[in-house]
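# Close look at the chain arrangement
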Amino acid sequence: MELCIKHTLSKYAKRLHKVVRRLVPNCDVRFLLSESGSGKGAAMVTAVAYRLASQRKQIDEILASFKLSKENLREVKTKMRAELEYGLKKETQPNATVKMLPTYVCGTPDGTEKGKFLSLDLGGTNFRVLLVKIRSGRRKSVRMYNKIFAIPLEIMQGTGEELFDHIVQCIADFLEYMGIKGARLPLGFTFSFPCRQASIDKGTLVGWTKGFKATDCEGEDVVDMLREAIKRRNEFDLDIVAVVNDTVGTMMTCGYEDPNCEIGLIAGTGSNVCYMEDMKNIEVVEGNEGKMCINTEWGGFGDNGCIDNIRTKYDKEVDEGSLNPGKQRYEKMTSGMYLGEIVRQILIDLTKHGLLFRGQISETLRTRGIFETKFLSQIESDRLALLQVRRILQQLGLDSTCDDSIIVKEVCGAVSRRAAQLCGAGLAAVVEKKRENRGVEHLKITVGVDGTLYKLHPHFSRILREMVKELAPQCDVTFMLSEDGSGKGAALITAVAKRLHSIGEN
Ligand code: ADP
Ligand code: MG
C-alpha cells in the first residue's frame, strides 16, 4: 500500500515538474516535498504551480505587446520615410504630421566664427541664459558661462505675456550677474518647440509640446514676443539674430568639430531630429541651390494613426492623460517625458490583475508622473542587485516583494527597449534619405546627439545604434555626443548668421 502511494506521487511529481518547466522556461522553480503532506500537499503544490504559470503567462502577454518584430520595425522605417517626403512636398505639407520645418540655417560653422554672444535655452527641463565667447584661428575655442533658472508650472501654463516677462527677468538677472548690462550683444534663442520660420529670426509657434501650455502664443512669432517683453521692461536692449531649435543647435555644435555631422538627434524630455536637406527637395522654400537644415519635428509621427497598430492600450492611456491628447504619438513612445508614465500604467494594470504589489494599488502608484524616467535607468542598470531595485521601489512608496522587483525590471526593460528601437527605426529612415540624396552606395555620416535619455540610460543608446545598423546597413553612422547643443549651438548659429549677413551687406 505504502509503496503504491509513493509510486503514484513520484510519477505525479515528474509530470508536474515537466508542466511547470514547459510553461515557465525562464524560471528555476524548485519543489520542496513535505514529509507529511501526502496527497493534499501535492494538490497544493500543483495549485501553486499552476497559479505561478498562469501569472507568468499574463505578464508575458502584456509585455509581448511591447515586443516589435523585425517586420514591425522595417514598417516604421518605411512609414517614417514616407512622412518625411509628405512634409517636404508643397501639396502634402499642410496635412503632414512630420512637419519638416525649414530653419533657414544654410551652413555649418567653418571655424572663422568669433565674438561674444548670448544664448537662451527654453524648451527643456531647465531654462538657461548663457554668455558664449567664441575664438577663431589657431586658438579656436568656445567658452561658456551660464545660469539655470526655474520656470514655475504656473508660468509654463499661464499667459504668454507672463512667460516672456519671466524670461526677460531671468535675462536681466544674468546680465547683472555677469556685469554686462550695457552691452547690446547678439542673441540666439533656442526655442525647442515646433516653429514655422520665414527667416532665421522669425519663428511662429505651431503648437506647444512637452508640458508647456502658455496662452496666446500659438500662431505668434516668438521673437516678437521676446522683443515686446524686452521693451516692456525697458532696461536693456538685445540684438535677436536667430531662433534655433535644440536639434539644430546640437547638429551645429558637433558640426563645429566634425564637418561630416549633418544630422542632429535629441532623446531627452522630447524626441526630435534635424538634418541638412538639399534645397531642391524643399518645395516650400524658394531656390534650388545648396542645402538647408530641416527640423523634422518627428515627434508628431503617427498622429494620423499610421502606427496605431503598434500602440498599446498603455500608450493610449498616457496620451489621454497628457496635455496634448492625440498629438506627438511617436514622441510619447520614445522620450524621457513619457517612458516612466508608460511603465506606471503597466504597473497599475498588473496590480489590478493581482500580479504585482499583492494586488494593492497604492496612492503613490495612482499619482501621475511619480515614476520618472530616471528610475528606469536606475532599475535597468546591470550593476544594481534586485535588493536595490526593491529599495528604489520602496523609496517610491511601492511596497514590493523580491518577485515584484523582478517584474518591474522586466517592464522597464520592455518599455525602454521599444523606445530605443522605434527611435533607431526613425533614424534609419533619415540616414537612408541622406544616402539617396547623395546618390551613393555607401554613406559615411555623423549624427550629433544630445539628451539625458540617450546619455544616461544604460541600454538606450546601444539598442538605438544597433537598430540603425540593422535597418540602414549601407550607412556607416558615427554618433557624436554634443556638449550643450542648445547653448553653444545657438551661439554658433548666431555667429554664422552674422557672418553670412555681413557678407550679404558688403
Ligand atoms: P531636455 O531634453 O529637457 O533639454 P535633457 O536632455 O536633460 O533635457 O532631458 C531631460 C529628460 O531626461 C527628463 O525629462 C527625464 O525624462 C529624462 N531623464 C532624466 N534623468 C534621466 C536618467 N538618469 N535616465 C534617463 N532619462 C533621464
Ligand atoms: Mg536640451
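Residues numbered from 1 in each chain as written. Chains lettered and ligands numbered in written order. Predicted model: local features only at pLDDT ≥ 70, side-chain atom pairs only at ≥ 80, totals over all residues. Heavy atoms only, no water.

### Considerations on the overall build of the protein chain
When its secondary structure is counted, the protein chain shows 17 helices and 13 strands. Projected onto its principal axes, the C-alpha positions of the protein chain cover 110 × 50 × 45 Å. Within the protein chain, buried positions represent 53% of all 506 residues. A separation of at least 24 residues holds for 70% of the contacts in the protein chain among residues at least 6 apart in sequence. Summed over all atoms, the accessible surface of the protein chain reaches about 23800 Å², with 51% contributed by carbon and sulfur. If the 73 positive side-chain charges of the protein chain are averaged to one point and the 66 negative ones to another, these points end up 7 Å apart. (Helix = DSSP H or I, 4+ residues; strand = E, 2+ residues; numbered from the N terminus. Buried < 20%, exposed > 50% of the residue type's maximum accessible area, 1.4 Å probe, protein only. Contact = heavy atoms within 4.5 Å. Areas by Shrake-Rupley, 256 points an atom, 1.4 Å probe, with all protein chains shown as cover. Lys, Arg positive; Asp, Glu negative; His and termini not counted. Charge placed at Lys NZ, Arg CZ, Asp CG, Glu CD.)

### Details of the sheet that holds strand 12 (residues 443–450)
Read across the sheet, six strands follow the order 1-11-10-9-12-13 without closing on themselves; strand pairing throughout is mixed. Two strands bound the open sheet, and with one partner strand each, they are strand 1 (101–102) and strand 13 (475–481). Judged from the seven bridges that link them, strand 12 and strand 13 form a sheet pairing that is parallel. Among the inter-strand pairings, T446 is bridged to a residue of strand 13, identified as T478. Relative to strand 10 (residues 271–278), helix 14 (residues 402–438) is tilted by about 5 degrees, and along the sheet it contacts strand 9 (261–267), strand 10, strand 11 (291–295), strand 12 and strand 13. (Pairing = 2+ DSSP bridges. Axes fitted to C-alpha atoms, helices over the stretch in contact; angles between N-to-C directions.)

### A short note on the nonpolar core
Grouped together as the largest cluster of nonpolar side chains are 84 residues, with contacts concentrated most on W298, F371, L427 and L464. Setting aside chain neighbours within four positions, we find F371 in contact with G340, E341, V343, R344, L347, L376, I379, L393, L396, V408 and C412. Of all hydrophobic cores here, the second largest spans 41 residues; its members include L185, C195, L226 and V243. (Core = buried A, V, L, I, M, F, W, Y, C linked by side-chain atoms within 4.5 Å.)

### Observations concerning empty space enclosed by the protein
To find leftover empty space, a probe the size of one water molecule is rolled over the atoms. On inspection of all chains with the given rule, the structure shows three cavities of 30 Å³ or more. Empty space within the largest cavity amounts to approximately 100 Å³. What lines the largest cavity is a set of 14 residues, and nearest its centre among them are S192, K210, N272, E297 and E331. Of the residues that constitute the lining of the largest cavity, the class distribution is three nonpolar, seven polar and four charged. The volume enclosed by the second largest cavity comes to roughly 50 Å³. As for the second largest cavity, its lining consists of L101, T103, F191, F193, C195, Q197, V243, V244, N245 and N295. Elements represented by at least two residues in the lining of the second largest cavity include exactly strand 6 (195–199) and strand 8 (239–244). Of the residues assigned to the lining of the second largest cavity, the class counts are six nonpolar, four polar and no charged. (1 Å grid on protein atoms, 1.4 Å probe; cavity = no way out; pocket = protein on both sides within 12 Å on 5 of 7 lines; lining within 4 Å. Points joined across faces, edges and corners; volume = space filled by probe spheres on them. Nonpolar A, V, L, I, M, F, W, Y, C, P; charged D, E, K, R; others polar.)

### Digging into the side chain of D121
Of note, D121 is situated in strand 2 (residues 115–122). The class of D121 is buried, set by a relative accessible area of 8%. Beyond its immediate stretch of four places on either side in the chain, D121 contacts N126, F127, R128, T190 and S486.

### Considering the site of ligand 1
Lining the immediate environment of ligand 1, one finds 13 residues, of which T125, T269, G336, S377 and T452 sit closest. Here a nitrogen atom of ligand 1 sits 2.5 Å away from a polar atom, N or O, in the side chain of S377. Contact distances for ligand 1 include 2.3 Å between an oxygen atom and a side-chain N or O atom of T452. Contact with the protein chains covers 75% of the free accessible surface of ligand 1, which is 560 Å². When contributions to the shell around ligand 1 are tallied by element, the ones reaching two or more residues are helix 10 (336–352), helix 12 (373–380) and helix 15 (452–456). In terms of residue class, the shell around ligand 1 is built from three nonpolar, nine polar and one charged. (Near = heavy atom within 4 Å. Polar contact = N/O pair within 3.5 Å; in protein donor to acceptor, adjacent residues only side chain to side chain.)

### Quick look at the UniProt feature "domain: Hexokinase C-terminal" (unreviewed entry) in the protein chain
Using the residue numbers shown here, the UniProt feature "domain: Hexokinase C-terminal" (unreviewed entry) corresponds to residues 262–496. The span residues 262–496 shows a helical share of 50% and a strand share of 14%, and its end C-alpha atoms are spaced 16 Å apart. (UniProt positions renumbered as here; feature names shortened; annotations may be inferred.)

### Digging into the confidence of the model for the protein chain
Model confidence for the protein chain is summarised by a mean pLDDT of 91, while 91% of its residues fall at 70 or above. Contacts from residues 1–8, a stretch scored under 50 in pLDDT, to residues over four places away or in other chains number zero contacts. (pLDDT = per-residue confidence, 0-100.)

### A look at the sheet that holds strand 4 (residues 141–149)
Strand order in the open sheet formed by five strands is 4-3-2-5-8, and the pairing between neighbours is mixed. A strand with exactly one partner marks an edge of an open sheet, and here the two such strands are strand 4 and strand 8. Each adjacent strand pair in this sheet contributes to an overall mean axis angle of 20 degrees, direction not counted. Pairing between strand 2 and strand 5 (residues 186–191): five bridges, direction parallel.

### Let's talk about the pairing of strand 6
Regular strands show a simple pattern: their side chains alternate between the two faces of the sheet. Summarising the sheet, strand 6 and strand 7 (residues 202–205) pair through four bridges and their orientation is antiparallel. Counterpart to S199 in the pairing with strand 7 is K202. Counted between consecutive antiparallel strands, the loop separating strand 6 from strand 7 contains two residues.

### Details of helix 5 (residues 160–178)
Spanning 19 residues, helix 5 covers 27 Å between terminal C-alpha atoms, matching the ideal 27 Å at 1.5 Å per step. For helix 5, every residue scored as buried is listed here: G160, L163, F164, H166, I167, V168, C170, I171, A172, F174 and L175. Contact partners of the buried residues in helix 5: strand 2, strand 3 (127–135), strand 4, helix 4 (153–156), strand 5 and helix 6 (222–233). Positioned one or two residues after helix 5, G179 has a phi angle of 70 degrees, which is positive. (Expected span 1.5 Å × (residues − 1).)

### A closer look at the pairing of strand 10
In terms of burial, strand 10 is largely enclosed, as eight of its eight residues are buried. Judged by which residues are buried, strand 10 turns out to be covered on both faces: S271, V273, Y275 and E277 on one side and N272, C274, M276 and D278 on the other are all buried. In this sheet, strand 10 lies alongside strand 9 in antiparallel orientation, the contact comprising five bridges. Looking at the pairing, I263 lines up with Y275 of strand 10. The turn linking strand 9 back onto strand 10 is made up of three residues. Of the pairings in the sheet, the one linking strand 10 to strand 11 comprises five bridges and is antiparallel in character. Considered in strand 11, the bridge of D278 is made with K291.

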